[in-house]
Structures are given as C-alpha cells and as structure tokens.
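Each chain is listed here by its residues.
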Amino acid sequence: MANENVEFQVYNSMTRQKEVFVPKEPGKVKMYVCGVTSYDYSHIGHARAYVAFDLLYRYLKYLGYEVVYVRNFTDVDDKIIRRANECGEDPTALSGRYCEEFLKDMDDLQCLRPTHQPRVTEHMEQIKEMIDKIITNGCAYAVNGDVFFSVDSFPEYGRLSGRKLEDNRAGERVEVDARKRNPADFALWKAAKPGEPSWESPWGLGRPGWHIECSAMSSHYLTHSFDIHGGGMDLTFPHHENEIAQSCAACPDSNISYWMHNGFVNIDDEKMSKSLGNFFTIREVTRLYHPLALRYFLLGNHYRSPVNYSISQIEIASDSVFKIYQTLYDAEEALSAFQQGTETATNVRGRLSPQAQECIKNLRNELGTKLSDDLHTPTILNAALQDALKVMNSCSTILRKKQKQQHPSAALAITELLREVKAVLDVLGLLAGSTYAEVLPELVLQQFKERALIRAELTEEDVLRAIEERALARKNKDFARGDQIRTALALKGISLMDIVGTTETVWRPARPEQEQPAAPAQPNQSAAALQQEQPAAPSQQMPPTANPQQVQPAAPL
C-alpha cells in the first residue's frame, strides 16, 4: 500500500512549478517515458534521462505505489533507414540489434526493466487507428499518401513549450512541404519511398511519423489519461507538444497530470555533439569506468539541472563508489568474523550506540525529505550517507581489535547500518544486484580494479612486479627508486597502500595524481629519519582488498 503520508513534490513542466504528486487512482501510478531511436549505441545523454526516470520509478515503488512503467523503442525512423543503407543491413535487423545493446547498457547502469517496452513495428494497428480518429475528428488531412496534423485545429498548441504558433518556424526537423496547410503541420503518416520499410494503410503504403507512435502506444498501455509523461528537455518541443495535440485530437478526454523533463549533458562545459567530437557512448565510458560510477556521477546532479561531464568528475565519482563498496566489504567481513564466535549480533539487541542511532535517523530523514522534494539526490550522496559509512568503518576497526567489551555494540551498529545503507543505495540504484543477498562487494571492487588497470594501460602482473621492485628498493635503502615507482603508478591512478606493521603492500584504484615538479633534496634529513615516519602499529589479518583502517598510503621515501 502506498505511503500517503509522504508529500512527494515533482516539478511539472506544464505548470512550470512544483506540485504535490497525487495519482489519478490511489495507490497506483502510470508513467510513460520516451525511449531511444535504435540505430546506434546509446550515449551518456540517454544515460542521463533513463537513470533519472529509473530513480523516479524506484522511488515510487519505495513509497509503495503499484507502478506501470512504459518506455518505447522507435525502431523505424529516417535515421535507422539511413544507417541500415550505409551498413548494407536490413533496417529491422539493425534496429533490433541496437535495442538489445541499449538494454545491456541499462542493465549495467542498474536501471530496472520497465513494465512494458513496446516497439513501433509491433503497434502499427494502434497507430493507424489513432490517425484515423484524428482525421475523422477533422484535425488531420491526407495528401498523396501522406497524412498531416493540422495545428490550426488545436487552439492550445504550444501550451507545454510556451511557444506561440506564429513563432514556430517550419522546416526545423524536416524540409518545408508546400502541400501543408500550415508550415507547422507535422506528419502522422509518411507515404512509402523505394527501399524503405512500409505497411498497408487506408492512405496507401507507408510508415508512421515520429510523434504519433508515443501517443498511440501510451494510450494503448495506459489509456488516454495517466499520471506521468517524461523525457529529455529537448523533447518538450516539438515532440511532446505534438503528442499533446494529436492525443487530444484523437480523444478529447486525453489528460496527463505531470510532464517531467531532465536536463542536458555538457562535455567539459560544451554541449555534447558529434560535430564537436565530444560525443561519448555509454559503452565507451563503462569500458573505462564502472557503470555504478557513471550512475553516481549522474545522481550527483539534480535531474533537471544541466550536468557537465568531464574526466575529473567521473574520476571523483568512481573513487566515491569504490570507497562505499570497500566499506561494505570491510563491514561484512568484520561482522562475519565476529559472528563465528560465541556471541552474535542477534543477541545484543537494545545496545545500539547513540551515534549509530543518530546515523540511522539521519539516513531515513534525508532519504525521505530530499527525494520527496522533486528527487533531490545530490545531498543524499553526501552528509548522512558519508557519516554512516564513517561509523561503519570505526565499528569494523573495533571488531578487528581486542577490545571485546565494545564488540557487541559495534556488531549491532554494523548490522543495523548495513541494512539502512543498503536500503538507501537500493532506492538510488547504486546497489549492484537485484536483491540484498546478491550484492557481492568483493566482486564490485574487483570490477573497479579491472577498469583502473585498463585506464592505466597496465596488467595486474605489471602492478605486482612494480610492488616487488619497490619492496626490493626499500630493502636496499634505495628510497628514491621506491618513491619513483610509487609516483609513476599514482600518476596512472594506481595507489599503493602499505599494510601497517608488515612489509606487505596492496593497491587500489584512485584518482590519478597530478605530476609535480621535483622538490629540492633536504641534505640534513637522513634515510633513517625518513624511515621512522612509517607507522609501526601491530599488523592485522588482511582481507583480499585493503581496508583503509588497516593500511596507509605508500608515502614517498
């Protein structure tokens, strides 16, 4: 049952203000999001849109709503036909292939599969029926096999975008057609051309125009009246404006309560564009950075704000997610070791520390207040979540030490904080795996390390050899060489971590250090004095991946 006590506010592009979300049917939500035109690999602008609406989908489900989420595929279009001709491939086969590649990208980004994912080619009958209704209602006309919507027949045209009809310029997406009654009229059906896919219709062989598909498929799955319609800001005009016009022309009772739009993606402060050469596909980014890093980066900006993608920003996001999963791994390992003893966390209820209680309270409060305020994610990723991770790290350290009198409280804190942190990560889509039980932090950490090696153009063996060489240099008191090795790896985003009290060194991904000019030597500082700077605390048993509480960065010697 939906939590009716939460006042969820969303920004409605139609009214240009935040409004309290009230579904048409209590406890149930119907939402439609415009999907991709499947002629190539999807880019990070697509990731921006579908991560944003996946968050909306997840949050509505978290609030207890029964959600029907529809996201379409445009699998017949001028771009698809043109690309297929260039590749010598059947248009349907090409679009089908890229539909599947898109789904792989969405799975990598932890985007839940929508309830329905209709394709244009599978809904020709619904499209033709809607076009016929629009003609019957006097809002469209046929000319030589083409069918055009008459914008003059819809006085409210422009109410979503705020554009006046006389301000619209013809030919912004297609060339001006002299057969149109008004240059702003748009195609509902296009007459067949040689070599193009086509379908039988009352107006002759042809295929749908771009806009009609979403009106037909949304009404088919959600009826003419539903709760949310979403997409990128670039779709506000003409696509969504035309959708409203043709949907109302087919059914005067057509009504969508909330129109939601996500912001653009810029690359290094410039608009992302193929012509500028700053165009990145999702696949290109996730080959070098974990998909969770890309999702975290996108969630670090409010969905309606423009987001500036840069290498430095994705590096920061990657480092942040790695630390989250390192903390989860360390906490689970420490708790597992503790629970193998005689006293388990389940036997120490009621002894949760005030600090842990405060963390849990703040986590719940921040998740509720921020997401209910038009999905305001940036703050959630900081503040309370980071405080909870710090407390988990402290408790993990306590469990590994011999302070047995503190063990029960620390174990209970870890147990409760793990549950709460994972719940937050799950709502945000940052929890790898479909259920808590499937989350394997060590696997995620390994995936981060694999991509760090790709970025560094190194293999695991290369790094291990460098660690061995550095250890030998340190043993021979060749501290300059040891420092040189550490610095060379750090410049490539490989951070060496010396395990306290041992001679062992492990590595982890990190933001690449900036190369610094060599500092002048200090003649009065001996190697022995420098050696004394290294920590000499008793060693602890190490997990496969280094714990920040147990290791220190390999310092220059």
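Anything mentioned here points back to the structure above.
Here is what the cut-offs are and how they apply
- Residues numbered from 1 in each chain as written.
- Predicted model: local features only at pLDDT ≥ 70, side-chain atom pairs only at ≥ 80, totals over all residues.
- Heavy atoms only, no water.
- Pairing = 2+ DSSP bridges.
- Helix = DSSP H or I, 4+ residues; strand = E, 2+ residues; numbered from the N terminus.
- Buried < 20%, exposed > 50% of the residue type's maximum accessible area, 1.4 Å probe, protein only.
- Phe/Tyr/Trp six-rings, centres within 6.5 Å; stacked < 30°, edge-to-face > 60°.
- Lys NZ or Arg CZ within 6 Å of the ring centre and 35° of its normal.
- 1 Å grid on protein atoms, 1.4 Å probe; cavity = no way out; pocket = protein on both sides within 12 Å on 5 of 7 lines; lining within 4 Å.
- Points joined across faces, edges and corners; volume = space filled by probe spheres on them.
- Axes fitted to C-alpha atoms, helices over the stretch in contact; angles between N-to-C directions.
- Contact = heavy atoms within 4.5 Å.
- Salt bridge = Lys/Arg side-chain N within 4 Å of Asp/Glu carboxyl O.
- Expected span 1.5 Å × (residues − 1).

### A closer look at the pairing of strand S7 (residues 186-191)
Moving on, step 1. With 3 bridges connecting them, strand S6 (residues 146-149) and S7 associate as antiparallel partners. The partner of Phe-149 across the bridge, within S7, is Phe-186.
Moving on, step 2. Relative to strand S8 (residues 206-208), S7 runs antiparallel, the two being bridged by 3 bridges. Its bridge partner lying in S8, Lys-190 is registered against Arg-207.

### Some remarks on the pairing of strand S15 (residues 505-509)
Moving on, step 1. The element S15 is extensively covered by neighbouring structure, given that 5 of its 5 residues are classed as buried.
Moving on, step 2. Of the two faces of S15, the one holding Thr-505, Trp-507 and Pro-509 and the one holding Val-506 and Arg-508 are both buried throughout.
Moving on, step 3. Alignment of strand S14 (residues 494-499) against S15, held across 5 bridges, turns out to be antiparallel. Of the residues in S15, the one forming a bridge with Leu-496 is Trp-507.

### Structural notes on the packing of aromatic side chains
To describe a pair of aromatic rings, one takes the distance between the centres and the angle between the planes.
Moving on, step 1. Enumeration over the complete set of coordinates arrives at 15 aromatic pairs.
Moving on, step 2. For the pair Tyr-59 and Tyr-62, a centre-to-centre distance of 6.0 Å together with 20 degrees between the ring planes defines the contact as stacked. Of the two residues, Tyr-59 and Tyr-62 both sit in helix H1 (residues 44-62), 3 residues apart, roughly one turn of that helix.
Moving on, step 3. Under the relative-accessibility criterion, Tyr-59 is labelled buried at 1%.
Moving on, step 4. Note on Tyr-62: relative accessible area 45%, which makes it partly exposed.
Moving on, step 5. Measuring from centroid to centroid gives 5.8 Å for Trp-189 and Trp-203, while their planes differ by 55 degrees, and the two rings are tilted. Taken together, the residues span a long stretch of sequence, with Trp-189 in strand S7 and Trp-203 in the loop between S7 and S8 at a distance of 14 residues. Here Trp-189 matches Trp-203 in class, with each residue buried.
Moving on, step 6. Joined through ring pairs, the aromatic side chains of Phe-8, Phe-21, Tyr-59, Tyr-62, Tyr-65 and Tyr-258 make up one cluster.
Moving on, step 7. Against the face of Phe-73 rests Arg-119, its NZ or CZ located 5.2 Å from the ring centre.

### Notes on empty space enclosed by the protein
Moving on, step 1. Applying the stated criterion to the full structure yields 3 cavities of 30 Å³ or more.
Moving on, step 2. Lining the largest cavity are Arg-48, Val-51, Ala-52, Leu-55, Leu-298, Leu-299, Asn-301, Tyr-303, Leu-375 and Thr-377.
Moving on, step 3. Broken down by secondary-structure element, the contributors of at least two residues to the lining of the largest cavity are H1 and helix H8 (291-299).
Moving on, step 4. Considering each element in turn, the lining of the largest cavity owes the most residues, 4 residues, to H1.
Moving on, step 5. Space inside the second largest cavity adds up to approximately 40 Å³.

### Digging into the sheet that holds S7
Moving on, step 1. Spatially, the 4 strands line up as an open sheet ordered S5-S6-S7-S8, and their pairing is antiparallel. Sheet topology places strand S5 (140-143) and S8 at the edges, where each strand pairs with a single neighbour. The average undirected angle you get between the axes of adjacent strands in this sheet is 20 degrees.
Moving on, step 2. Taken together, the 4 bridges between S5 and S6 define a ladder with antiparallel strand orientation. Pairing of Val-143 across the sheet is with Asp-146, part of S6.
Moving on, step 3. On top of the sheet, helix H4 (residues 124-136) reaches S5, S6, S7 and S8; it is set at about 120 degrees to S7, its chief contact.

### A word on the pattern of salt bridges
Moving on, step 1. Inspection of the entire model under this criterion finds 30 salt bridges.
Moving on, step 2. Among the salt bridges present, the one from Arg-419 reaches Glu-416, with a minimum N-O distance of 2.7 Å. Residue Arg-419 and its partner Glu-416 are located together in helix H12 (residues 407-428), separated by 3 residues, close to a single helical turn.
Moving on, step 3. Three or more residues are tied together by salt bridges with common partners; here these are Asp-54, Arg-58, Arg-295 and Asp-426.

### Concerning H12
Moving on, step 1. Here H12 contains 22 residues, and its C-alpha end-to-end distance of 31 Å stays within 8% of the 32 Å for a straight helix at 1.5 Å per residue.
Moving on, step 2. The element H12 is extensively covered by neighbouring structure, given that 18 of its 22 residues are classed as buried.
Moving on, step 3. Immediately downstream of H12, the backbone of Gly-429 shows phi near 75 degrees, a positive value.

### Points about the sheet that holds strand S9 (residues 225-232)
Moving on, step 1. Ordered by their spatial adjacency, 4 strands build an open sheet running S4-S3-S9-S10, and the pairing between neighbours is parallel. Every interior strand has two partners, whereas the edge strands, strand S4 (66-71) and strand S10 (255-262), have only one. Sheet twist, expressed as the average angle between the axes of neighbouring strands with direction ignored, equals 20 degrees.
Moving on, step 2. By the bridge criterion, 6 bridges tie strand S3 (residues 28-33) to S4 in an arrangement that is parallel. Each residue of the ladder has a partner; that of Lys-28, found in S4, is Glu-66.
Moving on, step 3. Relative to the sheet, helix H5 (residues 212-222) contacts S3, S4 and S9, its axis offset from that of S3 by approximately 160 degrees.

### Some points on the environment of Val-151
Moving on, step 1. If you trace the backbone, Val-151 turns up in the loop between S6 and S7.
Moving on, step 2. The buried category is assigned to Val-151, whose relative accessible area is 0%.
Moving on, step 3. Sequence separation between Val-151 and Ala-184 is 33 residues, and the spatial gap between their C-alpha atoms is 6.8 Å.
Moving on, step 4. Ignoring anything within four residues of it in the chain, the contact list for Val-151 reads Tyr-157, Leu-165, Asn-182, Ala-184, Asp-185 and Phe-186.

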